[in-house]
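Summary of structural features
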Amino acid sequence: MTEVYITEDCIQAMSNIEDDSVDMVFADPPYNLQLNKSLHRPDHSDVSGVDHEWDKFRSFEEYDKFTINWLTEVKRILKPNGTIWVIGSYHNIYRVGSVLQNLGY
């Protein structure tokens, strides 16, 4: 088995992969975590925001569109019995989960 790590624009890179050819996708997508004020976890520790360009979206709609696009490509390249693992936080994982459901995963 060959492992391939994609560290470039994922949607563009996946467009070059054959349909139904991937056994597993492990994704750590942007969290869309820009903070305008302090945010605390239940244990009262501070949550650090993300200020990198790759994590900046103008709106939830833009973030959802990006999520739909990359998950659509993943669904196309995954084998019928393939699996996907997605890393997230409570800031984005429910949005990602909703898209997964809507796409019929």
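Everything below is about the structure printed above this text.
In this report, the structure presented in the accompanying data block is examined. Treat the numbers as computed from the prediction; the structure is a model and nothing was measured.

What to know about the environment of D9
Relative to the assigned elements, D9 resides in the segment before α1 (10–14). When the C-alpha positions of D9 and W70 are compared, they lie 9.8 Å apart, and in sequence the two are 61 residues distant. Polar side-chain contacts of D9 include one of 2.8 Å to the backbone nitrogen of Q12.

Regarding the nonpolar core
One finds V25, W70, L71 and V74 to be the most contacted residues of the largest nonpolar core, which totals 14 residues. Considering each element in turn, this core owes the most residues, 5 residues, to helix α2 (residues 60–77).

Comments concerning unusual backbone geometry
The residue D20 is not glycine, and still its phi comes out positive at about 50°. Mapping D20 onto the fold places it in the loop between α1 and β1 (22–27). If you check the backbone angles, H44 has positive phi at about 75° while not being a glycine. With respect to the helices and strands, the residue H44 is situated in the loop between β1 and α2.

Notes on the layout of surface pockets
Considering only enclosed or pocket space, the largest pocket measures out at about 1100 Å³ in volume. If you trace the largest pocket, you find 33 residues lining it, with V4, Y5, I6, V25 and F26 closest to the centre. When contributions to the lining of the largest pocket are tallied by element, the ones reaching two or more residues are α1, β1 and α2. At 6 residues, the largest contribution of residues to the lining of the largest pocket is made by β1. In the lining of the largest pocket, the residues fall into 21 nonpolar, 3 polar and 9 charged.

Criteria and cut-off values
- Residues numbered from 1 in each chain as written.
- Predicted model: local features only at pLDDT ≥ 70, side-chain atom pairs only at ≥ 80, totals over all residues.
- Heavy atoms only, no water.
- Helix = DSSP H or I, 4+ residues; strand = E, 2+ residues; numbered from the N terminus.
- Polar contact = N/O pair within 3.5 Å; in protein donor to acceptor, adjacent residues only side chain to side chain.
- Core = buried A, V, L, I, M, F, W, Y, C linked by side-chain atoms within 4.5 Å.
- Buried < 20%, exposed > 50% of the residue type's maximum accessible area, 1.4 Å probe, protein only.
- 1 Å grid on protein atoms, 1.4 Å probe; cavity = no way out; pocket = protein on both sides within 12 Å on 5 of 7 lines; lining within 4 Å.
- Points joined across faces, edges and corners; volume = space filled by probe spheres on them.
- Nonpolar A, V, L, I, M, F, W, Y, C, P; charged D, E, K, R; others polar.

Everything listed is a geometric property; what it means functionally is a separate question.
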